[in-house]
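Listed here are the chains, written in short residue letters.
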Amino acid sequence: QVQLVESGGGLVQPGESLRLSCTASGSISRIYYMGWYRQAPGKERELVARIISGGSTNYADSVKGRFTISRDNAKNTVYLQMNSLKPEDTAVYYCNAGGRGSNWLDFSSWGQGTQVTVSS
């Protein structure tokens, strides 16, 4: 079983920055991808950013140029640097990771979510 633990959410003012972290632990053989999704009240969960094992990234159009995803493979950790935050970035942010477990079965796991609130 693979667990994801997120940290770094909080309350900030528009224009400020936050950095989210997510660490995977458990019976992991290899992680193929790690990413961040978010869900605002009354809306569907949406992809924010994702990074695959080779280092390729993709971002939602709404965050391009403001958010940066990065990964520390040795620590099984993914980061989301969020700059120039806007009120519309307010949501619960979820970490997601997929890969192969030590039992040679593929997995896809989710974190518990961390609240990001952007408000003046």
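Conventions and cut-offs
- Residues numbered from 1 in each chain as written.
- Predicted model: local features only at pLDDT ≥ 70, side-chain atom pairs only at ≥ 80, totals over all residues.
- Heavy atoms only, no water.
- Pairing = 2+ DSSP bridges.
- Helix = DSSP H or I, 4+ residues; strand = E, 2+ residues; numbered from the N terminus.
- Axes fitted to C-alpha atoms, helices over the stretch in contact; angles between N-to-C directions.
- Disulfide = S-S within 2.5 Å.
- Buried < 20%, exposed > 50% of the residue type's maximum accessible area, 1.4 Å probe, protein only.
- Polar contact = N/O pair within 3.5 Å; in protein donor to acceptor, adjacent residues only side chain to side chain.
- Contact = heavy atoms within 4.5 Å.

Things to note about the sheet that holds strand β7 (residues 67-72)
In step 1: Taken together, the four strands give an open sheet; going across it, the order is β1-β3-β8-β7, and neighbouring strands pair in antiparallel fashion. Each edge of the open sheet carries a strand with a single partner, namely β1 (2-7) and β7. Each strand of the sheet is rotated relative to its neighbour by a mean of 15 degrees, with strand direction disregarded.

A closer look at the state of the cysteines
The bond known as a disulfide is covalent and runs between the sulfur atoms of two cysteines.
In step 1: All chains considered together, the criterion is met by one disulfide.
In step 2: In this model, C22 is linked to C95 through a disulfide, with the two sulfur atoms separated by 2.1 Å. On the sign convention where negative means left-handed, the S-S torsion of about -85 degrees between C22 and C95 marks this disulfide as left-handed. Highlighted residues: C22 in strand β3 (residues 18-26) and C95 in strand β9 (residues 91-101), separated in sequence by 73 residues.
In step 3: C22 sits in the buried class, given a relative accessible area of 0%.

A few points about unusual backbone geometry
Across residues other than glycine, the phi torsion is negative in most instances, and most of the peptide bonds are trans.
In step 1: Although it is not a glycine, N76 sits at a positive phi angle of roughly 50 degrees.
In step 2: On the secondary structure map, N76 appears in the loop between β7 and β8 (77-82).
In step 3: Judged by relative accessible area, which is 23%, N76 ranks as partly exposed.
In step 4: Despite not being glycine, W104 has its phi angle at roughly 70 degrees, a positive value.
In step 5: By the secondary structure assignment, W104 is in the loop between β9 and β10 (106-110).
In step 6: Note on W104: relative accessible area 60%, which makes it exposed.

A short note on the side chain of T77
In step 1: Within the element layout of this structure, T77 appears in strand β8.
In step 2: At a separation of 2.9 Å, a polar atom in the side chain of T77 contacts the side chain of T23.
In step 3: The contact partners of T77, leaving out residues within four places of it in the chain, are C22, T23, M34, S70, R71 and D72.

Brief notes about the pairing of strand β5 (residues 46-52)
In step 1: Relative to β5, strand β4 (residues 28-39) runs antiparallel, the two sharing six bridges. From the neighbouring strand, R38 faces β5, where its bridge partner is E46.
In step 2: Where β5 meets strand β6 (residues 57-59), three bridges bridge the pair, whose relative direction is antiparallel. Paired with I51 across the two strands is T57, which belongs to β6.
In step 3: Connecting the antiparallel pair β5 and β6 is a turn made up of four residues, with G55 showing a positive phi of about 105 degrees.

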